[in-house]
Every structure is written in C-alpha cells, then in structure tokens.
Amino acid sequence: MSTRGALPTEQRLGLLAWAALVVLQLVWHAWLFPPQQMPVWLVLAITVIPLLLPLLAIRDPRRALLWVGILSLFYFCHGIAEGWSSSSERWLALAEIVLTLLLIG
C-alpha cells in the first residue's frame, strides 16, 4: 500500500478556487442578484450543477481539477459578459474571472 502525501500547493489552490466559484454562484444568483425572468432554482441548476459534476472524479484531484478547468471556460465567458454589460454586478464578474483564471492556470 502506498500512502498519499499532502496535495501540492497549486492543487490546494485549485480546490479552494473551485469551492469559492461554487459559493460565488450561489451567493450571486440566489441572494445578491436573483433572476427577474427565470425561477431561482433553474438558474442555480444551470450555474451550480456543472461545477459539482467533477466531484465524481474527486478521488484523483488532478483529474477533477482538469474537468473544472475545462468547465470554468464557460464561467470565464460569463464573467466577461456580465462585467461588460452590468455595472452593478461588475465586482462579482471580476471575482468570477479571477477564480476561473486560477482554475485554468
């Protein structure tokens, strides 16, 4: 049997950014700026569930982070679009962009 050591710093940072991106989506779409035209549960399903799918590969953090990095490209695009179009949500969009860049990097 081999024992696993602690995760490297970049993987711990990636896991932290992943968790922060999930929390950001929940706070943004359910609490601070709930959607006007769609039910909140639907927006949360669209934004949060894809981020939870890589949990299926969490036994191998590198693989899970790879999938989150790929998924985060969509959140990066969302952050750019929201930052450009909505001045009231710009700070949330910038936080989303920073977290996705951490995940991609």
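Shown above is the structure to which this text applies.
All of the points below concern the structure found in this document. Just so you know, these numbers come straight off a predicted model, no measurement behind them. Along each chain, residue indices are assigned from 1 in the same order as the chain's sequence is written. Where totals are concerned, whole chains, interfaces and linings use all residues; where local detail is concerned, this predicted model gives features only for residues with pLDDT of at least 70, and gives and counts side-chain atom pairs only at 80 or more. To obtain the side-chain values, all non-hydrogen atoms of the structure were used and water was disregarded.

Some words on the overall build of the protein chain
Filter applied, for reference: Think of it this way: any DSSP run of H or I at least four residues long counts as a helix, any run of E at least two long counts as a strand, and we number them from the N terminus. Each residue gets one of three labels from its accessible area relative to the maximum for its type: buried under 20%, exposed over 50%, partly exposed in between, using a 1.4 Å probe on protein chains only. A contact between two residues is defined here by any heavy atoms of the two lying within 4.5 Å. Only the protein chains shown count as cover for residues, and all accessible areas are computed by the Shrake-Rupley method using a 1.4 Å probe. A positive count includes Lys and Arg, and a negative count includes Asp and Glu. His and the chain ends are not counted in either. Where a charge lies is defined by one atom per residue type: Lys uses NZ, Arg uses CZ, Asp uses CG and Glu uses CD.
What the protein chain contains, in helices and strands, is 4 helices and 0 strands. If you list the helices and strands of the protein chain from N to C, you get α-α-α-α. Projecting the C-alpha coordinates of the protein chain onto the three principal axes gives extents of approximately 55 × 25 × 20 Å. A total of 105 residues make up the protein chain; the buried ones form 33% of that total. Counting contacts in the protein chain only where the partners sit at least 6 residues apart, residues at least 24 apart contribute 64% of the total. Surface summary for the protein chain: the accessible area is close to 7100 Å², and the carbon and sulfur share equals 71%. Of the charged side chains in the protein chain, 6 are positive and 5 negative, and the gap between their average positions amounts to 14 Å.

Points about a nonpolar patch on the surface
Inclusion rule: Candidates for patches are residues over 30% relative accessible area with no salt bridge; among them, like charges are joined within 9 Å and nonpolar side chains (Val, Leu, Ile, Met, Phe, Trp, Tyr) within 5 Å. Whenever Lys or Arg places a side-chain nitrogen within 4 Å of a carboxyl oxygen from Asp or Glu, that contact is recorded as a salt bridge.
On the surface, a nonpolar cluster with roughly 360 Å² of combined accessible area is contributed by Leu13, Leu16, Val98 and Leu102. Elements with a contribution of two residues or more to the nonpolar patch: helix H1 (9-32) and helix H4 (90-104). Position of Leu16 among the secondary structure elements: in helix H1. Under the relative-accessibility criterion, Leu16 is labelled exposed at 59%.

Overview of the environment of Ala17
Inspection of the secondary structure puts Ala17 in helix H1. We classify Ala17 as buried; its relative accessible area is 3%. Leave out the neighbours within four places in its chain, and Ala17 touches Leu99, Leu102 and Leu103.

Examining the nonpolar core
Keep this limit in mind: Definition of nonpolar core: a set of buried residues of the types Ala, Val, Leu, Ile, Met, Phe, Trp, Tyr and Cys, connected through side-chain atoms within 4.5 Å.
Trp18, Leu21, Leu24, Leu51 and Leu103 are the most contacted members of the largest nonpolar core, which totals 18 residues. Secondary structure elements with two or more residues in this core: H1, helix H2 (40-52), helix H3 (61-85) and H4. Considering each element in turn, this core owes the most residues, 6 residues, to H1.

A word on the environment of Ser88
Here Ser88 shows up in the loop between H3 and H4. As a C-alpha pair, Ser88 and Phe33 span 55 residues in sequence and 9.3 Å in three-dimensional space.

Topic: the packing of H1 against H3
Convention followed: As a rule, the C-alpha atoms of each element are fitted with a line to give its axis, helices using only the stretch in contact, and angles between N-to-C directions run from 0 to 180 degrees. Our angle categories are set so that under 35 degrees counts as roughly parallel, over 145 as roughly antiparallel, 65 to 115 as roughly perpendicular, and the remainder as oblique. Crossing handedness: left-handed means the near helix sits turned counterclockwise from the far one by under a right angle, and right-handed means the same turn made clockwise. When residues are sorted by character, Ala, Val, Leu, Ile, Met, Phe, Trp, Tyr, Cys and Pro go into the nonpolar class, Asp, Glu, Lys and Arg into the charged class, and all the rest, Gly among them, into the polar class.
It is the contact of H1 with H3, at a shortest axis distance of 10 Å, that shows an interaxial angle of 40°. The orientation of H1 relative to H3 falls into the category oblique. Crossing geometry of H1 relative to H3 is assigned as left-handed. Residue-level inspection shows Gln11, Gly14, Leu15, Trp18, Leu21, Gln25, Trp28 and His29 of H1 in contact with H3, the latter providing Pro61, Arg62, Ala64, Leu65, Val68, Tyr75, His78 and Glu82. Residues belonging to the contact of H1 with H3 are distributed by class as follows: 9 nonpolar, 5 polar and 2 charged.

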